[in-house]
Amino acid sequence: MFIPALGVGGLAAYRLIQRTETTQLQAVSDDAQTQREIAYFRENIGAVQSAEDLLRDRQLLSVALTAYGLESEIDKGAFVSSVLDGGVEDSSSFANRLNDPRWSQITRDFGFNSSTAGQELPPLHLAVELAITTAEANSQNAGFDIATSELEIFRANIRDVTTAEDLVADETLKNVALTVFGLEDEHKLDSFLLDVLNSDVDDEDSFVNQLEDTRWLGLAIAFTAEPADGQEETSLELVVEGEIAAEGLRSDYEPLDIDADDLAAFRERIGDIETAEQLLADEQLRTVALTAFGLEDETVSDAFIQSILEDDITDETAFVNLQSDDRWRALNEAFNGVSASGGRSAAFYQYEVEKRLIALEAPQEDLDYLRRNIDLLDENINVVIDPKLQDIVLSAFGLEKDTYSSEFVLNMVISDPSESTSFVSVFNDDRWSEFVGVFGSLGQASNTNLESFQNDVVDRFLTRSLEIGVGEVDEDVRIALNFRNSIDRIASDASVATSGWFTLLGDQALRSVVDAAFNLPTEFAQIDVDQQEGVLRQRAQLLFGGDDPSVFLDADNVDTAIQRFFLRQQTEATSAQSQSAVALSMLNQAVQFGQQQAASLNQRF
């Protein structure tokens, strides 16, 4: 680790780092250990396409977490996996629920897909399975200390757990859940665990949100989180439900002829279907699935359908790809949820576009053309290669035909709506935002193979490494550098006016600077959090002319806060020294008095 030579301390050391930061960062970059870590990161990060991949490689994970100031979280595998895999598009995702913008930033930057390996499982089961898989695959870690028999019991019974009481009452299930969240050594009463699991994770004042250890919050979210729309559905269920939902809007052709009881059975049992054999063995589910794809009148054997469903559609010679009827291919894609390119399936795009066309009462010829050319949609960018298909798709989103060039559409498809300067964000049209949500690349693959992403992570890693090195010499200087480098995340957030202070209060290092800048006593942190926010608003208004953390977008205000932080640290240090001096003086006086008394007694006797 590179450790800079400051020579001085406090504000003077901070100013020295400011003046020589370029040189200091270069020195960090030239450090042999740092060079090895960066070289390893660049060489291997491109192969990482999921949180599971990242957690398998502790060296990569270390660089990644350090780059975002999260290096202390490296041993919280289940927690990190749940955050990164949850994405940021859904406001209720794990990253967005955490009161720390570093997590949403790293999740957004890495852009991993949500896990598809266990989408049918309850959230707790998903988190546990992911953590166990990661630990078993990671050769650098010993893994979780869970007996095989306990693991088998967990997998067999966790689906039956519907309440916190159910989990706590089963010692095996409870132990496995606590272990994968790194809480096996926390000897808490069952009443404490019940309070955690029954907490409202969205309520900042709830029991779990008052705990400093965020592992408990991770457990609570995994146990209680309601999945986003469709998260627990199989791809097959998603497409079938879309067809059924569109039934009432069909004006140009006959509605689906599905018995109500069959439909109810499908909705109840499709989540438990894992194989083609299981689907075909259930007559009601088989009927609904075939009807949704217009295949109800096809006189084929179950062996034929099973071959269709089990085929690898990415193999050009597969049985399903030899069929002239594209409906069989669509059924295969929906059941397996993958396309030839490994991205979203053609069935997904057909569902998304067709339901909009039906709602808009589009001409039958447009629907027919979409179905005949559905294969062109199995890679999201291919929507631009067929002008007629492009017009049909655009019309489904309320966008005018013959108005936009293929180049314009392509720029939209590859645009990142999370970036305020991206093409779709600058264009500022809800129709295009909806279009990009379906056909855009955001969330479809990780960003780990992009050079710009890698450069950004390396820059962050070097900056954070400098902070860590400085902290080895002077912790106050490290806190000041961290504040300068991190406060912009909160100050520039869209919700800064409403939740900015609460986010800042959740970061001990950042709030230590703010508390000092506003001359707030140590006891301030003990009062009600809403009262704390009110006081911070008042002090910010008086000192900086604004009542939320956006005042720190002004570099001068950041510098003022840091100066006041160092002034307090110096004052407290001086006071401590004075108190020590007074105590030492009193001790010396007491010793001298004792010596005088002893001498007097000796003279008398």
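Residues numbered from 1 in each chain as written. Predicted model: local features only at pLDDT ≥ 70, side-chain atom pairs only at ≥ 80, totals over all residues. Heavy atoms only, no water.

## Regarding the overall build of the chain
Stated precisely, the cut-off is as follows: Labels follow the DSSP assignment, with helices taken as runs of H or I lasting at least four residues and strands as runs of E lasting at least two, numbered in each case from the N terminus. Note on classification: 1.4 Å probe, protein chains only; a residue is buried when its accessible area is under 20% of the maximum for its type, exposed when over 50%, partly exposed between these limits. Should any heavy atoms of two residues lie within 4.5 Å, those residues are considered in contact.
For the chain, the count of helices and strands is 32 helices and zero strands. Going through the 605 residues of the chain one by one, you find that 46% of them count as buried. In the chain, 62% of the contacts between residues at least 6 apart in sequence involve partners at least 24 apart.

## Focus on the side chain of glutamate 21
Heads up, the condition is: Whenever a nitrogen or oxygen atom comes within 3.5 Å of another N or O atom, the pair is scored as a polar contact, on the condition that within protein one atom can donate a hydrogen and the other can accept it, and that pairs from neighbouring residues in sequence are kept only if both atoms are in side chains.
With respect to the helices and strands, the residue glutamate 21 is situated in helix H2 (residues 21-30). A polar side-chain atom of glutamate 21 sits 2.6 Å from a polar atom in the side chain of arginine 484. Ignoring any residue separated from it by four or fewer positions in sequence, one finds glutamate 21 in contact with Leu466 and Arg484.

## Considerations on the confidence of the model for the chain
Just so we agree on the cut-off: Confidence of the predictor at the level of single residues is captured by pLDDT, which takes values from 0 to 100.
Per-residue pLDDT for the chain averages 75, and the proportion of residues at 70 or more is 73%. Note on residues 133-143: pLDDT under 50 across the span, and 15 contacts to partners over four residues away in sequence or across chains.

## Here we look at the packing of aromatic side chains
This is how the line gets drawn: Two rings belonging to Phe, Tyr or Trp (six-membered ring only in the last case) form a pair when the distance between their centres is within 6.5 Å. Interplanar angles under 30 degrees mark stacking, angles over 60 mark edge-to-face geometry, and anything in between is tilted.
In the structure shown here, the tally under the stated rule is 14 aromatic pairs. Ring centres of phenylalanine 544 and phenylalanine 552 lie 5.5 Å apart, and the angle between their planes is 70°; on these two criteria the pair is classed as edge-to-face. Overall, the relative accessible area of 14% leaves phenylalanine 544 in the buried class. Classification of phenylalanine 552 by relative accessible area gives buried; the value is 4%. Taken together, the aromatic side chains of Phe483, Trp501, Phe518, Phe544 and Phe552 make up a single cluster linked through ring pairs.

## Digging into the packing of helix H6 (residues 77-86) against helix H8 (residues 101-110)
To keep things clear, this is the line we draw: Each axis is a line fitted through C-alpha atoms, and for a helix only the stretch in contact is used; angles between axes span 0 to 180 degrees, taken between their N-to-C directions. In what follows, roughly perpendicular refers to angles from 65 to 115 degrees, roughly parallel to angles under 35, roughly antiparallel to angles over 145, and oblique to any angle outside these ranges. Whether a crossing is left-handed or right-handed is set by the direction in which the near helix is turned from the far one by less than a right angle, anticlockwise for left-handed and clockwise for right-handed.
With their axes 8 Å apart at the nearest point, H6 and H8 run at an angle of 60° to one another. Classified by the angle their axes make, H6 and H8 are oblique. The two elements H6 and H8 cross, and the hand of that crossing is right-handed. Packed against H6, whose contacting residues are Phe79, Val80, Val83 and Leu84, the element H8 presents Trp103, Ile106 and Thr107 at the interface.

## Digging into the packing of helix H28 (residues 475-491) against helix H29 (residues 496-505)
One can describe the packing of H28 onto H29 by two numbers: an axis separation of 9 Å at closest approach and a directional angle of 145°. Only Val496, Gly500, Thr503 and Leu504 of H29 make contact with H28, whose side of the interface consists of Ile487, Ile490 and Ala491.

## Topic: the pattern of salt bridges
Defined as follows: A carboxyl oxygen of Asp or Glu within 4 Å of a side-chain nitrogen of Lys or Arg is what we treat as a salt bridge.
Enumeration according to the criterion identifies 17 salt bridges in this entry. For the salt bridge of glutamate 171 with lysine 174, the shortest nitrogen-to-oxygen distance reads 3.5 Å. Placement of the pair is glutamate 171 and lysine 174 together in helix H12 (residues 171-180), with a separation of three residues, close to one helical turn. Under the relative-accessibility criterion, lysine 174 is labelled buried at 8%. Across the pair lysine 174 and aspartate 190 runs a salt bridge, and its minimum N-O distance is 2.8 Å. Here aspartate 190 lies in helix H13 (residues 190-197) and lysine 174 lies in helix H12, a separation of 16 residues in the sequence. Each of the salt bridges in this network shares a partner with another, and the network as a whole consists of Glu71, Arg464, Glu467 and Arg478.

## Examining the nonpolar core
Just so we agree on the cut-off: Side-chain atoms within 4.5 Å are what join buried Ala, Val, Leu, Ile, Met, Phe, Trp, Tyr and Cys residues into a set we call a nonpolar core.
Leu54, Phe483 and Phe552 are the most contacted members of the largest nonpolar core, which totals 94 residues. The element that contributes the greatest number of residues to this core is H28, accounting for eight residues. Excluding anything up to four places from it in sequence, phenylalanine 483 contacts Leu510, Val513, Val514, Phe552, Val558, Ala561 and Ile562. By size, the runner-up hydrophobic cluster in this structure holds 25 residues, among which are Val353, Phe397, Tyr404 and Val438.

## So, the environment of asparagine 557
Looking at the element boundaries, asparagine 557 is found in helix H32 (residues 555-604). Judged by its relative accessible area of 14%, asparagine 557 is buried. Spatially, the C-alpha atom of asparagine 557 lies 6.8 Å from that of phenylalanine 544, the residues being 13 residues apart in sequence. If near-sequence neighbours (up to four positions away) are discounted, asparagine 557 is found in contact with Phe544, Val551 and Phe552.

## Thoughts on helix H1 (residues 10-19)
Side chains that are three or four residues apart share a direction in an α-helix, a result of its 3.6 residues per turn. What counts here: Throughout, the arc means that of the directions going from the helix axis to the C-beta atoms.
Three or more residues of H1 are buried, namely Ala13, Tyr14, Leu16 and Ile17. Down the axis of H1, the smallest arc covering the buried residues is 155°, so these residues share one side.

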